[in-house]
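Structural description and commentary
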Amino acid sequence: MESKFMEKLEDILLPIADKLNNNKYLSSLRDGFMVALPLIIFGSIFIVISNFPFLDKILSKQQFATWQQLVGPASESTLSIMGLFVIIGIGYKLTEKNGFEGIYGAVTALSSVLILTPQIVGKTQGVIPVEILGAKGMFLGLIVSMLSCEIYSYLCKKEITIKMPNGVPEQVSKSFSALIPISATLTIVLLIRIIVSFTPFETLQNLIYTVLQQPLTALGSGLPATIVAVLLIQVFWFFGLHGQIIVNTVFDPIWYSLNNENLEAFKAHQELPNIITKQFIDTFLVGMGGTGGTMAVILLIYIIARSQQNKEIGKLGAPSSIFNVNEPILFGLPIIMNPIIVIPWVIAPIVVTLITYFSMQLGLVPKPSGVIVPWTTPIFISGYLATGNAWQGAVLQLVNLLVTFIIWLPFFKVLDNGYFKQEQKNKQNEE
């Protein structure tokens, strides 16, 4: 009965996961964020440095302001305009997947977004608002970069290009080949800008933000949608599929936008608007030994394991688990396709999500500040940094770790006893 249920669940989920994994738009979106990730982390590091604990108490008010002005450009030139880097990444990757030169798709995507961006701040002309290049313009950037790359790729496929004679240097030939597709694409984008300017929204940014981004962001910032996302991550991993890659591809644009909103408020010393952000997921779910909080499993192995198999898995998994890489546990315990531990594997992260959410909602723990802490940052350090250098973030991770430990305890005992008995039986047979 149990195996039939597992087979049916597998038949339903595997095709869905396969389609999501192989979808060129979702994979380009994921890869685009990966291109921007080093810059995002660099900017986040300097946000931490500029707001180092007690620095405002050690330095005078003027000295602290000067310090922030000196190191501020590091984050302002990376985090504040992260949308630009994601656009370039998506443009490059999607055009490459379509079989054409990625760099031309990247510059076409970037130019398309800039054409649609109102270059005015207040009464000053020729200035691009930074907020448009950050959270507020994120969705527009994603949509326009994909659309412009598809138009460009379509024109290239139809060979609507200028063909240079033999003997012309390759790079010159490529540039002229891209001329007509890029020009036609940017002309279409310009026409879209002109048309939208006659609507009440005036700009495509306002249209996208009002009609699409605000509703989706509100949905993604809610607890129910987050629980569904966490549940899907765990279920996909149970079947051996990379849950983060599949689910985060859909949710990352929303979580990053929420993250940026918190970052802007944090830098302005205002109240943080969101609980659910990218760092909420990475720090308090992934950041406890890896997906599913498997640091608790490592602790169980070292405290109560009797089977030699689990002890060896513990030795292999502990070093990497410190940096939130838990493949040795996922495949060695194993967690994948193991019905004995499916309940704690699915339930523990959901309980941790609820504890984390309500701890922040009640004000017991600060909300994530928007600073991007690398997901490989060890537990407690990540919790401290992600909440704006607050010790409560580290304490919350400790509470979550203990809760996960307790939920796993009875199920791990059953698993370990089974391994131990089998090992004893094998030993007796050998004797």
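Predicted model only: the values in this text are computed from it and were never measured.

**Let's talk about the overall build of the chain**
Along the chain, the regular secondary structure elements total 19 helices and two strands. Scored against the burial criterion, the 431 residues of the chain give a buried share of 49%. Considering only residue pairs separated by 6 or more positions, the chain has 73% of its internal contacts joining residues 24 or more positions apart.

**Re the packing of helix H2 (residues 24-50) against helix H8 (residues 138-157)**
Interaxial distance between H2 and H8 falls to 12 Å at its minimum, and their mutual angle equals 125 degrees. One element, H2, and the other, H8, form an angle in the oblique class. Crossing hand, H2 versus H8: right-handed. Together, Lys24, Tyr25, Leu29 and Phe33 of H2 and Met138, Leu142, Met146 and Glu150 of H8 make up the contact between the two elements.

**Re the environment of Thr356**
You can see Thr356 is positioned in helix H17 (residues 342-361). When its relative accessible area of 1% is taken as the criterion, Thr356 is described as buried. Distance in space between the C-alpha atoms of Thr356 and Phe284 is 7.3 Å, their sequence separation being 72 residues. Excluding residues that lie within four positions of it along the chain, Thr356 makes contacts with Phe280, Phe284, Leu396 and Asn400. Of note is the side chain of Thr356, whose polar atom sits 2.8 Å from the backbone oxygen of Val352. Side chain to side chain, Thr356 and Asn400 meet in a polar contact 3.1 Å long.

**So, helix H15 (residues 308-321)**
For H15, which comprises 14 residues, the first-to-last C-alpha distance of 19 Å matches the rise-based estimate of 20 Å (1.5 Å per residue) to within 8%. At Lys315, H15 is bent by approximately 25 degrees, the largest bend along its length, and proline Pro319 sits one to four residues beyond. Taken residue by residue, H15 has Asn310, Ile313, Gly314, Gly317, Ala318 and Ser321 as its buried positions. The inward-facing, buried residues of H15 contact helix H14 (295-304), helix H16 (327-332) and helix H19 (391-430).

**Concerning the pattern of salt bridges**
Counted under the stated rule, the structure contains seven salt bridges. With a closest N to O distance of 2.8 Å, Asp252 and Lys278 form a salt bridge. In this pair, Asp252 is assigned in helix H12 (residues 243-267) and Lys278 in helix H13 (residues 278-286), connecting sequence segments 26 residues apart. Each member of the pair, Asp252 together with Lys278, is buried. Here Lys278 makes a salt bridge to Asp282, at a shortest N to O gap of 3.7 Å. Of this pair, Lys278 and Asp282 both sit in helix H13, four residues apart, roughly one helical turn.

**A look at the nonpolar core**
Core analysis: the biggest nonpolar cluster contains 97 residues, and Ile329, Leu333, Ile335, Trp345 and Trp408 have the highest contact counts within it. Examining the composition of this core, we find that ten residues originate from one element, H12, more than from any other. There are two domains that each give this core at least three residues, and those are domain 1 (24-218) and domain 2 (228-430). Discounting chain neighbours no more than four positions away, the residues touching Ile335 are Phe238, Thr294, Ile329, Leu330, Ile341, Trp345 and Trp408. Counting six residues, the second-largest nonpolar core is a separate cluster that includes Tyr104, Ala178, Ile182 and Leu186.

**Observations regarding the environment of Asn389**
Locating Asn389 in the fold gives a position in the loop between helix H18 (381-386) and H19. For Asn389, a relative accessible area of 14% translates into the label buried. Once the C-alpha coordinates of Asn389 and Pro368 are considered, the two residues, 21 residues apart in sequence, prove to be 9.9 Å apart.

**A closer look at the side chain of Thr108**
Following the sequence through the fold, Thr108 ends up in helix H6 (residues 102-116). At a separation of 2.6 Å, a polar atom in the side chain of Thr108 contacts the main-chain carbonyl oxygen of Tyr104. Discounting chain neighbours no more than four positions away, the residues touching Thr108 are Ser148, Tyr152, Ile182, Thr185 and Leu186.

**A word on a nonpolar patch on the surface**
Together, Ile160, Val172, Phe176, Leu179 and Ile180 line one region of the surface with nonpolar side chains, adding up to about 360 Å² of accessible area. By the secondary structure assignment, Ile160 is in the loop between H8 and helix H9 (170-197).

About the cut-offs
Each chain has its residues counted from 1, following the order in which its sequence is written. Residue-level local features of this predicted model are given only where pLDDT is at least 70; pairs of side-chain atoms are given and counted only at 80 or more, and the full residue set underlies all totals for whole chains, interfaces and linings. Hydrogens and water are ignored here; the side-chain numbers use all heavy atoms of the structure. By definition, any uninterrupted DSSP run of H or I lasting at least four residues is a helix, any uninterrupted run of E lasting at least two residues is a strand, and each is numbered from the N terminus. Categorising residues by exposure relies on relative accessible area from a 1.4 Å probe, with only protein chains included: less than 20% of the type maximum marks a residue as buried, more than 50% marks it as exposed, and the intermediate range marks it as partly exposed. It only takes one pair of heavy atoms within 4.5 Å for two residues to be counted as in contact. To get an axis, a line is fitted to the C-alpha atoms, and for a helix only the part in contact is used. The angle between two axes follows their N-to-C directions and goes from 0 to 180 degrees. Angles below 35 degrees are treated as roughly parallel, those above 145 as roughly antiparallel, those between 65 and 115 as roughly perpendicular, and all remaining angles as oblique. When the near helix sits turned anticlockwise from the far one by under a right angle, the crossing is termed left-handed; a clockwise turn instead gives a right-handed crossing. Polar contact criterion, stated in full: a pair of N or O atoms within 3.5 Å, where within protein one must be able to donate a hydrogen and the other to accept it, and residues adjacent in sequence count only if both atoms are side-chain atoms. Expected span of a helix, by definition, is 1.5 Å for each gap between consecutive residues, and there is one gap fewer than residues. What is called the bend at a residue is the angle between a pair of axes, fitted to the seven residues leading up to and ending at it and to the seven starting from it. In the sections that follow, a salt bridge refers to a side-chain nitrogen of Lys or Arg positioned within 4 Å of a carboxyl oxygen of Asp or Glu. Put simply, buried Ala, Val, Leu, Ile, Met, Phe, Trp, Tyr and Cys residues joined by side-chain atoms within 4.5 Å make one nonpolar core. Segment limits for the domains were obtained from an automatic or database-derived domain assignment. A patch is a set of surface residues, each over 30% in relative accessible area and not in a salt bridge, joined within 9 Å for like charges and within 5 Å for the nonpolar side chains Val, Leu, Ile, Met, Phe, Trp and Tyr. For every accessible area listed, the method is Shrake-Rupley and the probe measures 1.4 Å; residues are considered covered only by the protein chains on display.

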